[in-house]
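A structural walkthrough
Chain residues, written in single-letter form:
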There are 2 protein chains.
Amino acid sequence: MSLIVTGSIGIDSIETPNQTVNDVLGGSSIYFAAAASFFGHVRLVGAVGDDFPPHFLETFKHFNVDLEGLEQRVGSKTFKWRGKYHQNMNIRDTLSVELNVLAEALPPVPKAYQDSQYVFLANTHPAGQLALLENFPNAKLTIADTMDLWIETEKETLLKLLTKIDGLVLNDSESQQLTGESNIVLAAEKILAMGPKFVVIKKGEHGCFIQHAEGNAALPAYPARDVIDPTGAGDSFAGGMMGYLASQDDFSFESLKKAMAYGTAIASYNIEAFSLDKIKTISKDCIEKRLNQFAQMLTF
Amino acid sequence: MSLIVTGSIGIDSIETPNQTVNDVLGGSSIYFAAAASFFGHVRLVGAVGDDFPPHFLETFKHFNVDLEGLEQRVGSKTFKWRGKYHQNMNIRDTLSVELNVLAEALPPVPKAYQDSQYVFLANTHPAGQLALLENFPNAKLTIADTMDLWIETEKETLLKLLTKIDGLVLNDSESQQLTGESNIVLAAEKILAMGPKFVVIKKGEHGCFIQHAEGNAALPAYPARDVIDPTGAGDSFAGGMMGYLASQDDFSFESLKKAMAYGTAIASYNIEAFSLDKIKTISKDCIEKRLNQFAQMLTF
C-alpha cells in the first residue's frame, strides 16, 4: 500500500498521577505511522531538528516506516511538548510547547512519494494541509485531522480544505465547535454538508462515531483498565483506521466501520504504556485477537 | 413474569430549548414500568396524592401495569418535578422539586405481590429500599438504582443495601462518587467488591457499561438524531433491561448484555417525545427492529 502521513514529530515529556517520563518520542504522525504500519509500509513526511536523538530512528526502523521524507534540519530544533494528566486521565493540561521546526516550512514531498494513493493529513495548519494535498491530485483516499486552534483562527482555510478531502477526523468537542451543534448526529450531518464524504468523531474513552452517506454508527472504546498514558490514542486510532482502509482499498461504510474497530483495538494497546513502548511489543496477531474480543463484546 | 418495581410517580414539567410541557406523567417507576411492560406484566408499588390526574391512569392501563400496589393517598399531594434542559440536552437543571407524598411512608406491598421473583428498587432513600427488599426474601433477581444524594448523605445504609442485592444500576458520575475512582473499570470492580454480583453503569449519550464476574462490556447508545426530551432515559433503559431478564429467567453475563441492548433500544425511543408519548405509540416489533439495527451497527 502507498500510504503517506504528514504531521508532527516531537519530543514529549509526560506527567501522570503515577509516573513522569521526559524526552520520549511523540508527535501525531509518529503514533499514526506506528499504528498504520501493522497493515503495510508507511511513508512519513516531516522535519526534526539537529537535537533529534539518533536512537529514536531505531523506532522508525522497528515499524518499517520509510524515512526518505524525514528531514533533519541543521540549525533547527525538534518540536517539544510537555503535558500533565490529572487523576482523571481524560483531562490533561499542556505545560509547555516549543513549536521549533513545526513553525518552519514543511519539507518537500520526495518524488518517490508522489504516487501515494492514501493520504493522511495529521493535524497542522490547514494551509499546510492544503498545500500538501496538492501533491496528490490522484489519491484514492484523503483524510485530514484538525484541532480547536484552527477551527477558531483559520476557519475559512479549514472550510476550503473540507471541500477537497474524502474524510475528516476530529474530537467531539471540535465537531461541536465547528458546527455549533452539540448533538453528535446533527453536528456530523453539518460537517458532511461542508464537503467530506464521511466524518469520524473521536470521543476518547467513550469511543467513536461515523457519519457517512450510507448511514451512521457508534462504537464504544475497548474497556481500558490499565491506562498508563493516553497520549497519542487519537492518532493511533486514526493510523489503525487508515492502515486498514489502505490495505483493503475499500472505502464503503461497512469497511470504514471495520477500520474504526481496528483503530479502537490499536489505540487500546497504545494507552497501556508511555510513548510507543507498548505498540513496539505487539504483533498483528495481538491486534487481531483484541479485535475479535471487541467484536465478541459487541455481540448479543 | 412476576416483576415488581417501586420508585417515584410524579407530575413533571419540562423545559427544553424548543418546547415546554407542564404537568405530564413522570417519575422513575413510571418510565421503568412502561419499558418493562413490553416483556410482560409489571407490578407497581407507589403512592400519589389526591391531586393525581385521573386520566394518567389510562396510561398505566395502556401498558397493562398492575395497580393494586398504587395508593392514592387522601390529603397528600403527588411528587412534582420541574426541570430545564440546556441547548446541550445532556445538561439539565432542576428548577423545583416538591417531594410531597414521596416524603411520607411507602405504601404496603400487597399480599398478592409477595411472590414477586424479580424486584427493581428504583431510586429512593436506601433505608426504604432495604425495607422493601425484606418483603421478597426468595426473589431470584434484585436490582437497585441510586443517586448522588444518597451516596453523599446515606452511604452506610447504601453500603448495607449493596450486600443484599444482585445488581446495582447507576450513572458514571455516581460510580465515581461512590468509589473515588474515575476509571470506569476500576470503579466497577470496587463496586463488585461491595457486594453486588454485577453493576451496570449508565453513561447517557455515551451508552452503558457492565462489570460482572464473567467479564465486562461497553455498549454505545443508539445514535439519537431527534432528542426531544431525555427525561426518563435511564429509567426506561433499566426497565427494558429488567423486563428482558425477567422474561428469560437467565442472569448470565451474555443475557445481561442482551438485556442492556434491549434497554438501549427502548431508551432511544423514550427520548423522541415528552413523557411516555413515544413509548405509547410503539409495539414490541418496533423494539425488535431497533434492536436488530443496533446489533447490525455493532457488526463489522
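Residues numbered from 1 in each chain as written. Chains lettered and ligands numbered in written order. Predicted model: local features only at pLDDT ≥ 70, side-chain atom pairs only at ≥ 80, totals over all residues. Heavy atoms only, no water.

Topic: the sheet that holds strand β2 (residues 10-15) of chain A
All names here are of chain A. For the record, the criterion: A strand pair is defined by DSSP finding two or more bridges across the two strands. Only DSSP runs of H or I covering at least 4 residues are called helices, and only runs of E covering at least 2 are called strands; the numbering of each starts at the N terminus. Note on geometry: axes are lines fitted to C-alpha atoms, helical ones only across the stretch in contact, with angles between N-to-C directions running from 0 to 180 degrees.
One open sheet holds the 4 strands; their spatial order is β3-β2-β7-β8, and the pairing between them is mixed. The open sheet has two edge strands, β3 (20-26) and β8 (92-98), and neither has a second partner. Between one strand axis and the next, the sheet turns through 20 degrees on average, direction left out of account. As defined by bridge partners, strand β7 (residues 79-85) adjoins β8 across 6 bridges and the pair is classed as antiparallel.

Side note on the relation of the copies chain B and chain A
The operation linking the two copies of the chain is a rotation about an axis combined with a translation along the axis. Heads up, the rule is: In this comparison the copies share one frame, found by least squares on the C-alpha atoms of residues holding pLDDT of at least 70 in both. In what follows, residue pairs with any heavy atoms lying within 4.5 Å of each other are defined as contacts.
Its rotation angle being 180 degrees, the transformation that places chain B on chain A also includes 0.0 Å of axial translation and leaves an RMSD of 0.0 Å. Put plainly, the chains are arranged around a two-fold axis. Taking C-alpha positions as reference, the residue of chain B nearest the rotation axis is Pro220(B), located at 2.6 Å. When the interface residues of chain B are mapped onto chain A, 97% of them are again interface residues, pointing to one common binding face.

Concerning the pattern of salt bridges
Applied cut-off: By definition, a salt bridge exists where a carboxyl oxygen of Asp or Glu is found within 4 Å of a side-chain nitrogen of Lys or Arg. Three labels apply to residues, based on accessible area from a 1.4 Å probe with only protein chains included: buried if under 20% of the type maximum, exposed if over 50%, partly exposed otherwise in between.
Enumeration over the complete set of coordinates arrives at 30 salt bridges over all chains. Between Lys257(B) and Glu254(B) there is a salt bridge, with the nearest N and O atoms lying 3.4 Å from each other. Of the two residues, Lys257(B) and Glu254(B) both sit in helix α9 (residues 253-270), 3 residues apart, roughly one turn of that helix. Between Glu272(B) and Arg290(B) there is a salt bridge, with the nearest N and O atoms lying 2.9 Å from each other. With Glu272(B) in the loop between α9 and α10 (284-297) and Arg290(B) in helix α10, the pair connects residues that are 18 residues apart, well separated along the chain. Using a relative accessible area of 26% as the deciding quantity, one classes Glu272(B) as partly exposed. Through salt bridges with shared partners, a single network forms among Glu71(A), Arg73(A) and Glu104(A).

Structural notes on the pairing of strand β11 (residues 167-171) of chain A
Residues and elements named next belong to chain A. Burial of β11 is extensive: 4 of the 5 residues sit out of reach of the surface. The pairing of strand β10 (residues 141-145) with β11 spans 3 bridges and is classified as parallel. In the sheet register, Ile 143 faces β11, and the bridge partner there is Gly 167.

Structural notes on the packing of aromatic side chains
All names here are of chain A. Note the threshold: Between 30 and 60 degrees the pair is tilted, below 30 it is stacked and above 60 it is edge-to-face, where a pair is any two Phe, Tyr or Trp rings, Trp via its six-membered ring, whose centres lie within 6.5 Å. In this scheme, the term charge over a ring applies when either NZ of a lysine or CZ of an arginine sits within 6 Å of the ring centre and within 35 degrees of the ring normal.
Following the criterion strictly, the structure yields 20 aromatic pairs over all chains and no others. A ring pair is formed by Phe 52 and Phe 56, whose centres lie 5.4 Å apart and whose planes are at 75 degrees; its orientation type is edge-to-face. Taken as a pair, Phe 52 and Phe 56 share a single burial class, namely buried. The ring of Tyr 269 has Arg 290 lying over it, and the distance from NZ or CZ to the ring centre is 3.8 Å.

Some points on the confidence of the model for chain A
Defined as follows: Per residue, pLDDT captures the predictor's confidence, and it can take any value from 0 to 100.
Averaged over all residues, the pLDDT of chain A is 95; the fraction at 70 or higher stands at 100%. Predicted complex metrics record ipTM = 0.94 and pTM = 0.96.

Some words on the interface of chain B and chain A
The criterion, for reference: Accessible area that two parts lose when put together, evaluated with a 1.4 Å probe and summed over both, is termed the buried area. Two N or O atoms form a polar contact when they lie within 3.5 Å of each other; inside protein one atom must be a possible hydrogen donor and the other a possible acceptor, and for residues adjacent in sequence the pair counts only when both atoms belong to side chains.
Contacts between chain B and chain A engage 35 residues on the former and 34 residues on the latter. Roughly 2700 Å² is buried in total at the junction of chain B and chain A, and carbon and sulfur atoms are behind 58% of that figure. The three residues of chain B that bury the most area against chain A are His206(B), Arg225(B) and Phe300(B), which together make up 27% of that side's buried surface. The tally of links between chain B and chain A comes to 2 salt bridges. With a shortest N-O distance of 2.8 Å, Glu189(B) and Arg225(A) are connected by a salt bridge. Counting across the interface, chain B meets chain A through 13 residue pairs in polar contact (both at pLDDT 80 or more). Of all the secondary-structure elements, those providing two or more residues to the side of chain B that touches chain A are α7 (184-193), β14 (215-219), α9 and α10 of chain B. Here the element with the most residues in the side of chain B that touches chain A is α10(B); it accounts for 5 residues.

Some words on the side chain of His212(B)
All names here are of chain B. As for its position among the elements, His 212 is in strand β13 (residues 208-212). For His 212, a relative accessible area of 10% translates into the label buried. Within the local environment of His 212, its side chain forms a polar contact with the backbone nitrogen of Glu 214, the two atoms lying 2.9 Å apart. If near-sequence neighbours (up to four positions away) are discounted, His 212 is found in contact with Leu 192, Lys 197, Phe 198, Phe 251, Ser 252, Phe 253 and Leu 256.

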